[in-house]
Amino acid sequence: MLSKKINDKILYSMLIMIGLISLLDLYLAITLLDPSNSISFKVLEKNPVIVRIVLLTGDFSIFIPCKIIGTAVSMFIIKRIYNKSRKWGTSICAGVFGFQLLLLGYLAFGHLL
């Protein structure tokens, strides 16, 4: 079994990467997507929830705070679970981290698909 210090470092590393990938996704959405052109926005953005939110407001004014708050709340909940059970917290964090890595791969190489 891993020592608590090593397990803590692994968890915090995954949490930092989750946050950074989320910020990269947000940055790319803001810089590359044009919410005023609804047809191209619907084609380029793959998340239907984001499309709906942005098309309702016509800009990123609701999406940006929701994305930041959602990521922060997710990371906070993972940390709280980890404080109660290192095993569960690490497992849940690893699952979220895995999906964020898939998102990063899609962001980096999605144009090749």
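Above this text is the structure in question.
Scoring rules and cut-offs
Residues numbered from 1 in each chain as written. Predicted model: local features only at pLDDT ≥ 70, side-chain atom pairs only at ≥ 80, totals over all residues. Heavy atoms only, no water. Helix = DSSP H or I, 4+ residues; strand = E, 2+ residues; numbered from the N terminus. Contact = heavy atoms within 4.5 Å. Salt bridge = Lys/Arg side-chain N within 4 Å of Asp/Glu carboxyl O. Buried < 20%, exposed > 50% of the residue type's maximum accessible area, 1.4 Å probe, protein only.

Visitor: Sorry if this is basic, but what is going on with the environment of Ala 29 here?
Guide: Here Ala 29 is to be found in helix α1 (residues 4-32). Sequence separation between Ala 29 and Ile 64 is 35 residues, and the spatial gap between their C-alpha atoms is 9.6 Å. Setting aside chain neighbours within four positions, we find Ala 29 in contact with Phe 60 and Phe 63.

Visitor: I would appreciate a short explanation of the pattern of salt bridges in the present structure.
Guide: Pairs can form between side chains of opposite charge whenever their charged atoms are close. Enumeration according to the criterion identifies two salt bridges in this entry. Across the pair Lys 4 and Asp 8 runs a salt bridge, and its minimum N-O distance is 3.3 Å. With Lys 4 and Asp 8 both in helix α1 and four residues apart, this pair spans about one turn of that helix. Residues Lys 67 and Asp 25 are paired through a salt bridge, measuring 2.8 Å at the closest nitrogen-oxygen approach. Taken together, the positions of Lys 67 in helix α4 (residues 63-84) and Asp 25 in helix α1 put the pair 42 residues apart, joining distant regions of the chain. Each member of the pair, Lys 67 as well as Asp 25, is classed as buried.

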